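Spelled out, the chains give:
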Amino acid sequence: MRDVIIIGSGCAGNTAAVYAARANLKPLVVAGHEPGGQLSITTLVENFPGFPEGVDGPVLVENIKKQAEHFGAEYLHGSVVEADLSKRPFRLLIDNEWHETRTLIVASGASARWLNLPSEQKLIGHGVSSCATCDGFFYRGKKIMVIGGGDTAMEEANFLTRFGEEITIVHRREEFRASKIMLDRARNNPKIKFLTNTVVDEVHDVEKKIVTSVKLRNWRTNETWKRDVDGFFVAIGHIPNTAAFLGQLDLDPDGYVISHGGAKTNIQGVFHAGDVQDRVYRQAITAAGAGCMAAIEVERFLEAEGH
Ligand SMILES: Cc1cc2nc3c(=O)[nH]c(=O)nc-3n(C[C@H](O)[C@H](O)[C@H](O)COP(=O)(O)OP(=O)(O)OC[C@H]3O[C@@H](n4cnc5c(N)ncnc54)[C@H](O)[C@@H]3O)c2cc1C
């Protein structure tokens, strides 16, 4: 029986582990399908406080893990595939084995939706991004492409006009899902151009390990062409990793955990941290802060129960 199990080893989970371990709770961190979380697939992170020269994403998250281990956190490779939160202790099926815990921190993140082109996947962190706030700064005076037709795509495109020389929104349909106000804002921005009925077939140049151009196709006419681009931002949404908690945790229609104040969920003893609950900020620092909050809540919860 554990005092606390932390699901996820991204910024949120690892920071929760530092705090829980220093509170002597010997947390077990379940690393999941993506040990280190989203930062493990990026390169330079320039906006995490404390690193004037920036820091490599994988190094940053690995360092938080080492810090947690230093204070006694344990890490388990595997994923939570099923959870029984109907009574305490909570039970989690991690790969093939059930584990019991008094409290739980859900820090399982939200994975960016990608186009899933092999070339796109190979260039993540090398010109392909899913986060304008994170990476826009690298594309000052450059050509930027944003993929998507919803509010996120419009917001990212508008934000990127602060940096890019020209921003092209590529959308596979004629109509946009984006709200009128967001769409109008993008349409009225002289730096933003639109390409509709257009899909991306390939991102170049995998060999050079940097984005140089894309192959586009109008799916109505089948016309294909190449377009030079330096930054390729995919803004087609995120998928919160909450499948194991369906029907137990309060989730919004997109699957994000609904907060019941602070780090609390609808179930006493289960807390949330990071992008799994946050559809607004989605930053390493906010995830780390949320991990801290969840661990402090766990500590107080156990204390109040006399553990
Ligand atoms: C390419 C890219 C670049 C970015 N650059 C920056 C940047 O420069 N600055 C910045 O502040 N932010 C950046 N971000 C955003 C930042 O990475 C996220 O906001 C942050 O990682 C969120 O942390 P998290 O711990 O909440 O979730 P995540 O990092 O998503 O971690 C989730 C963890 O949960 C685990 N998990 C999922 N499901 C299960 C399960 N069923 N069982 C067990 N474990 C599970 C995963 O394996 C993973 O370890 C970037 C994101 C991306 C994708």
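Everything quoted here is computed from the prediction, not taken from an experiment.

### Remarks on the overall build of the chain
Helix and strand counts for the chain stand at seven helices and 19 strands. Its C-alpha atoms give the chain principal-axis dimensions of about 65 × 40 × 35 Å. Split into buried and exposed, the 307 residues of the chain put 50% on the buried side. Put simply, 59% of the contacts in the chain that link residues at least 6 apart link residues at least 24 apart.

### A word on the site of the ligand
The environment of the ligand is formed by 32 residues, the closest being E34, Q38, V80, D275 and A284. Backbone polar atom of A31 to an oxygen atom of the ligand: 2.8 Å apart, as the coordinates give it. E34 places a polar main-chain atom, nitrogen or oxygen, 2.8 Å from an oxygen atom of the ligand. Its residues assigned to classes, the shell around the ligand comprises 13 nonpolar, 16 polar and three charged.

### Some words on the sheet that holds strand β10 (residues 128-129)
One open sheet accounts for five strands, arranged β10-β17-β11-β12-β13; its pairing is parallel. The open sheet has two free edges, formed respectively by β10 and β13 (192-195), since each of these has just one partner strand. When strand β12 (residues 166-170) meets β13, the two strands line up parallel, connected through four bridges. Across the sheet, the residue bridging to I169 is F194, located in β13. Contacts from helix α5 (residues 151-160) reach β11 (143-147), β12, β13 and β17 (231-234) within the one sheet, and its direction differs from that of β11 by about 170°.

What counts as what
Residues numbered from 1 in each chain as written. Predicted model: local features only at pLDDT ≥ 70, side-chain atom pairs only at ≥ 80, totals over all residues. Heavy atoms only, no water. Helix = DSSP H or I, 4+ residues; strand = E, 2+ residues; numbered from the N terminus. Buried < 20%, exposed > 50% of the residue type's maximum accessible area, 1.4 Å probe, protein only. Contact = heavy atoms within 4.5 Å. Near = heavy atom within 4 Å. Polar contact = N/O pair within 3.5 Å; in protein donor to acceptor, adjacent residues only side chain to side chain. Nonpolar A, V, L, I, M, F, W, Y, C, P; charged D, E, K, R; others polar. Pairing = 2+ DSSP bridges. Axes fitted to C-alpha atoms, helices over the stretch in contact; angles between N-to-C directions.

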